[in-house]
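Commentary on secondary and tertiary structure
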Amino acid sequence: MAKPCRLVKPNHLMKPVSATRVSGRYLSHQQGLPHLPVPPLQQTCERYVAALEPIVEEEELQRTRELMQDFQRAGGVGERLQRGLEKRARRTENWLSEWWVQLAYLEYRLPVVVHSSPGLVLPRMNFSDKQGQISFAAKLIAGVLDFKTMIDNETLPVEFLGGKSLCMSQYYEVLSSCRIPGLKRDSVVNHAKGSPPPRHITVVHNFQFFALDVYGGDGVPLTVEQLRVQLERICSSSSSPPQSADDVEPVGILTTQHRDSWGKAYLNLVKDKTNRESVSIIQRSIFALCLDGAMPRVSDEMIRSSAAVQMLHGGGSEWNSANRWFDKTLQFIVGEDGTCGANYEHAPAEGPPIVALIDHVVEYTRKLETETPPSSLPLPNPQKLHFNITPEVKRDIEEAKQSMNILAEDLDVRVVVFGHFGKSVPKSHKMSPDAFIQMALQLAYYRMYQRCCATYESASLRMFRLGRTDTIRSASAASAAFVKAFDDAGRQNTEKVDLMERAVHAHRSYTNMAISGQAIDRHLLGLKMQAVDEQLSTPRIFRDAAYAKALHYQLSTSQVPSQTDCVMCFGPVVPDGYGVCYNPMSDHINFSVSAFNACEETDAARLARTLEESLLDMRTLLDQTPRAKL
Ligand code: COA
């Protein structure tokens, strides 16, 4: 049976933050981590063909087998590329991470909004007016600064997966950093180690931007009460009517654009000195806080889904999409009605470090009920960031509004709380909860389309230095056998349970293989990139129709667990696909499901419903079928 290998997060919630810097601790931890291995060539070739089985036709599979044989023959191109890759692995800290960040993020030209940056929906907080919004936001800032102290002091507890310590570098990349658009490729700048390091955050209110110093002159973080006073000043100075016509121009909407368009618009914007300075202040800030206006009214049933929309893209130009700087790595979003959450730019980090930070912040805001006495020292006014809107910039803003509104119209997001059971049920049946949920997703998709599709689940590579992710391919021969049998009245329940167990175990084995650096997708990508590096023509296996099918992920999924009862959400990665994110808690599971309205075949609400039914049917089958003692 596949052995579980779970991620262990140290329980550092609300532990007193050490004020003492442990200089060099981070580096010495990092240096002790193993390098990402390059898997054996033959192993990847065999596993790739096996992974194609449930998603391509027999004829296509046969052709791929032949191409693979040629690719891996002695003295062939595969061997040459493998040698090149192994050499690269010897001379770099991580043979993959730089390529990955470039390809998956910085050279990916669709808008970061919906297509790349995830949103995070937190539970609705206990306030429903402007005062409540401001007070909560002040606590939230204090919570982030508390977490930041652990980062600054290098006292962040190390996380573990399967008994092995994890790379912690992503934690050092999420604060004080920002993506910068380019004409063909973006970049990310991190100001955390600048001298002096940033001491301000960006606050956005009514589409207007402010720099707020969050440390006093003595370098000590402002108290919650001081932060509250400063936020009040910001809100009263940016409530309508605006000071000048330029102040109503929603410049933030520019960051929602296609990256090539934003790259061009950026050059227009920063031609002006004032604009350049304002943009630079935003980029250097520790994080952004978006104090949102209203969102469209929805039924109670749709409140969480509406919050997901708010966190993912802000609802369109008439609502909150311009109340953001989407290039900022971390944006906290707080509405007036108790809605809150975050949006993060994906290039520097995956969801788990962001969620660990947010878990800490939520816990901090909960415990911090006592009001600190107001400080007598007067604080400088927060700095309003001005923009000069030239006709060119105005035109770019109008274009960005239009594109954003089309995207907002197109995206359907459903957040569902599956309340019938959580992780404890699969565990009681000795099954990995993650694998159980993934098999329920396979079943739901099969029930809707009578076929299997290429499915992506992210697996952490953080056991290795600078590790990011690899792909767990959830559609396997075992999952296909399971979903095809499940609704077949001619099959015995014992046989169905047996197929379910095989499918769940196959998934957990794939997970173990992926987190130990032996999965196929990043290796294949590496071989392809090595060919580019060596200026060789693209090997035929990568021009094969089956390869395109293998990468057309109609189900793009991810588990992002947390201590807080929240859920992350993201858009589909193909026009006819779904984005599914889930947070399995012990007695319930939070899901988000997204799809594009423009695609007639997809339907987020229907997949969410079918997924719930599949989970329930799988449990019923297990409960009703006597099994040999486990
Ligand atoms: N019997 C009983 N319990 C089992 C079990 C079994 N056969 N298999 C697993 N479990 C338990 C685990 O011990 C764990 O227990 P816990 O709740 O006490 O922690 C729990 O079930 C969860 O394990 P599982 O469901 O198998 O998942 P996981 O926690 O190992 O996570 C991945 C699997 C793939 C999500 C994880 O390895 C990973 O890579 N996470 C990062 C993903 C990522 O980066 N996402 C973000 C992209 S933006």
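Criteria and thresholds
- Residues numbered from 1 in each chain as written.
- Predicted model: local features only at pLDDT ≥ 70, side-chain atom pairs only at ≥ 80, totals over all residues.
- Heavy atoms only, no water.
- UniProt positions renumbered as here; feature names shortened; annotations may be inferred.
- Helix = DSSP H or I, 4+ residues; strand = E, 2+ residues; numbered from the N terminus.
- Rg over C-alpha atoms; globule rule 2.2 N^0.38 Å.
- Buried < 20%, exposed > 50% of the residue type's maximum accessible area, 1.4 Å probe, protein only.
- Contact = heavy atoms within 4.5 Å.
- Axes fitted to C-alpha atoms, helices over the stretch in contact; angles between N-to-C directions.
- Left-handed = near helix turned anticlockwise from the far one by under 90°.
- Nonpolar A, V, L, I, M, F, W, Y, C, P; charged D, E, K, R; others polar.
- Near = heavy atom within 4 Å.
- Polar contact = N/O pair within 3.5 Å; in protein donor to acceptor, adjacent residues only side chain to side chain.
- Areas by Shrake-Rupley, 256 points an atom, 1.4 Å probe, with all protein chains shown as cover.
- Domains from an automatic or database assignment.
- Buried area = accessible area lost by both parts, 1.4 Å probe.
- Salt bridge = Lys/Arg side-chain N within 4 Å of Asp/Glu carboxyl O.
- Phe/Tyr/Trp six-rings, centres within 6.5 Å; stacked < 30°, edge-to-face > 60°.
- Lys NZ or Arg CZ within 6 Å of the ring centre and 35° of its normal.

With an unreviewed UniProt entry as reference, the chain is termed Carnitine O-acetyltransferase, source organism Scophthalmus maximus. We quote the UniProt Sequence similarities (unreviewed entry) comment for the chain here in full: "Belongs to the carnitine/choline acetyltransferase family." The annotation that UniProt attaches to the chain under Subunit (unreviewed entry) is "Monomer."

Looking now at the overall build of the chain. When helices and strands are tallied, the chain shows 20 helices and 19 strands. The C-alpha atoms of the chain give a radius of gyration of 25 Å, which matches the 25 Å a tight globule of 630 residues would have. Each of the three principal axes of the chain carries a C-alpha extent, and together these read 75 × 60 × 50 Å. Each of the 630 residues in the chain was classed as buried or not, and the buried ones make up 59%. Here the analysis covers contacts within the chain between residues at least 6 apart in sequence; of these, 76% occur between residues at least 24 apart.

Turning to the packing of helix α2 (residues 41–52) against helix α18 (residues 521–533), a few remarks are in order. To characterise two packed helices, one gives the angle between the axes of the helices and the distance between these axes. Two numbers describe how α2 lies on α18: the axes approach to 10 Å, and their chain directions differ by 115 degrees. Two packed elements cross with a definite hand, and for α2 against α18 that hand is left-handed. Between α2, through Leu41, Thr44 and Tyr48, and α18, the contact on the second element is made entirely by His523, Leu524 and Leu527. Taken together, the residues of the contact of α2 with α18 break down into four nonpolar, two polar and no charged.

Neighbouring the ligand are 27 residues, the closest being Lys427, Ser432, Asp434, Ser460 and Arg508. Arginine 508 places a side-chain nitrogen or oxygen 2.7 Å from an oxygen atom of the ligand. Burial of the ligand by the surrounding chains reaches 85%, relative to a free accessible area of 980 Å². Those elements giving two or more residues to the shell around the ligand turn out to be α12 (351–367), α15 (433–449), β14 (455–460), α17 (493–515) and β16 (555–559). Among the elements that take part in the shell around the ligand, β14 stands out by supplying four residues, more than any other.

Another point: the domain arrangement of the chain. By the assigned domains, the chain splits into domain 1 (33–95 + 419–624) and domain 2 (109–158 + 167–239 + 249–370 + 387–411). Computed from C-alpha coordinates alone, the two centres of domain 1 and domain 2 are separated by 32 Å. At the interface, 26 residues of domain 1 touch 32 residues of domain 2. Carbon and sulfur atoms supply 59% of the area that domain 1 and domain 2 bury against each other, a total of about 2,200 Å² over both sides. Counting across the interface, domain 1 meets domain 2 through one salt bridge. For the salt bridge of arginine 468 with glutamate 350, the shortest nitrogen-to-oxygen distance reads 2.8 Å. Counting every contact that joins domain 1 to domain 2 gives 13 residue pairs in polar contact (both at pLDDT 80 or more). Mapped by element, the contributors of at least two residues to the side of domain 1 that touches domain 2 are β17 (567–569) and β19 (589–596). Here the residues of the side of domain 1 that touches domain 2 are counted per class, giving 14 nonpolar, eight polar and four charged.

Before going further, it helps to examine the side chain of threonine 255. The residue threonine 255 is located in the loop between α8 (224–238) and α9 (259–269) in this model. Given a relative accessible area of 0%, threonine 255 falls into the buried group. In this structure the side chain of threonine 255 is engaged in a polar contact, spanning 2.9 Å, whose partner is the backbone nitrogen of phenylalanine 326. Those residues in contact with threonine 255 that sit more than four places away from it in its chain are Val112, Val113, Trp262, Arg324, Trp325, Phe326 and Asp327.

Further remarks concern the packing of aromatic side chains. Counted under the stated rule, the structure contains 18 aromatic pairs. Here the aromatic rings of phenylalanine 209 and tryptophan 325 are separated by 5.7 Å at their centres, their planes lie at 90 degrees, and the arrangement is edge-to-face. Residue phenylalanine 209 is located in strand β8 (residues 208–213), and its partner tryptophan 325 is located in the loop between α11 (303–312) and β10 (330–334); the two are separated by 116 residues in the primary sequence. Residues phenylalanine 209 and tryptophan 325 agree in their burial class; the two are buried. Each member of the aromatic cluster is reached from another via a ring pair, and the members are Phe209, Trp262, Tyr266, Trp325 and Phe387. When the ring centre of tryptophan 99 is taken as origin, the NZ or CZ atom of arginine 88, which lies over that ring, is 3.5 Å away. Of note, arginine 522 hangs over the ring of tryptophan 100, and the distance from its end group to the ring centre comes to 3.8 Å.

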